[in-house]
Amino acid sequence: MTGLKTILDTLEPAADGWRGTIPETWLQGRTCYGGLSAALALHAAQASDVDLPPLRSALVAFVGPLSGTVVVRATRLRRGRNAAFVQADVEGEAGLGLRATFVFMAPVPSRVDHRVEAPLPFAVPEPGAPTQNGHPAVRFSQNFDMVDDVAGTGPAEWRRWVRLRDRDGLDPAVELIAVADCLPPAALKLIGGPAPVSSMTWQLNLLDTPTPPRDGWWLLESATDHARAGTSSQRMAIWSPDGGRIAEQMQSVALFG
């Protein structure tokens, strides 16, 4: 099993970017797991400029399949006094696979401090608690430890504690984005079993600067209110073990079943 840190550390300089390899143990069907391809893009974006402020938002489009050798390129779109916009592309043998726009923004003084409290809905796993690694046929999931909230979810909702099994030395934002896409599409619960699915777009908004969580755990939640004509829109959230909601997300998912 090749850890995320090893994948990042073995990237080699290429024309205007970096060249690396997607291990088969990180595949999701015929393509790279979306959290890994987004983590590659964020890593390149962070390295594209000096003294970037913290990551605030990510807009990701999953354009096509990625596997084998990939090239990652990052380009500054704009940098102002407080915010920087960086575009990152991940290309494979079949062409462009992922395009992301990352927004890095420093905190600024504001009279507004409005937060809707969202209590932690599922207790943090105790040390030594039994975990799972996803379905054996879903290769990327073997890189994570997981604990499901079996009793507390609705008919089109997932809730799961997730942590990378090999996470030492990772930038917290890169670790978070690698974990954040780990849940199956919530609409799969409505289908009632395995079916071909594909994430198309993904937006992640950070509500706070991520820090390495206790024992590596992040709580992920995903729910869909609308699924028809082969597409689903799902809203998602991430909590840290201290009970703070760290991010909000939204995804568009194609359903082929």
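In what follows, the structure referred to is the one given above.
Residues numbered from 1 in each chain as written. Predicted model: local features only at pLDDT ≥ 70, side-chain atom pairs only at ≥ 80, totals over all residues. Heavy atoms only, no water.

Enquirer: Run through unusual backbone geometry, naming residues and quoting values.
Expert: Positioned with a positive phi, Asp-16 is a non-glycine residue whose angle comes to about 60°. Mapped onto the elements, Asp-16 comes out in the loop between strand S1 (12-14) and strand S2 (17-22). Under the relative-accessibility criterion, Asp-16 is labelled exposed at 70%. (Helix = DSSP H or I, 4+ residues; strand = E, 2+ residues; numbered from the N terminus. Buried < 20%, exposed > 50% of the residue type's maximum accessible area, 1.4 Å probe, protein only.)

Enquirer: Run through helix H2 (residues 34-47), naming residues and quoting values.
Expert: The terminal C-alpha atoms of H2, which comprises 14 residues, lie 20 Å apart, in line with the 20 Å expected from a rise of 1.5 Å per residue. Buried residues dominate H2, accounting for 11 of its 14 residues. Considered for burial, the residues of H2 that qualify are Gly-34, Gly-35, Leu-36, Ser-37, Ala-38, Ala-39, Leu-40, Ala-41, Leu-42, Ala-44 and Ala-45. (Expected span 1.5 Å × (residues − 1).)

Enquirer: How would you explain the packing of aromatic side chains if you had to name every residue and give the values?
Expert: We describe a pair of aromatic rings using the distance from one ring centre to the other and the angle between the two ring planes. Going through the model one piece at a time under the given rule, you end up with eight aromatic pairs. Seen from their ring centres, Tyr-33 and Phe-144 are 5.7 Å apart, and the 75° between their planes marks the pair as edge-to-face. Of this pair, Tyr-33 sits in the loop between strand S4 (31-32) and H2 while Phe-144 is found in strand S9 (residues 144-148), placing the two residues 111 residues apart along the sequence. The two residues Tyr-33 and Phe-144 agree in class, both being buried. Look at Phe-102 and Phe-104: their rings are 6.5 Å apart centre to centre, the planes differ by 45°, and that puts the pair in the tilted class. As far as the burial class goes, Phe-102 and Phe-104 line up, both buried. The side chain of Lys-189 reaches across the aromatic face of Trp-158, ending 5.0 Å from its centre. (Phe/Tyr/Trp six-rings, centres within 6.5 Å; stacked < 30°, edge-to-face > 60°. Lys NZ or Arg CZ within 6 Å of the ring centre and 35° of its normal.)

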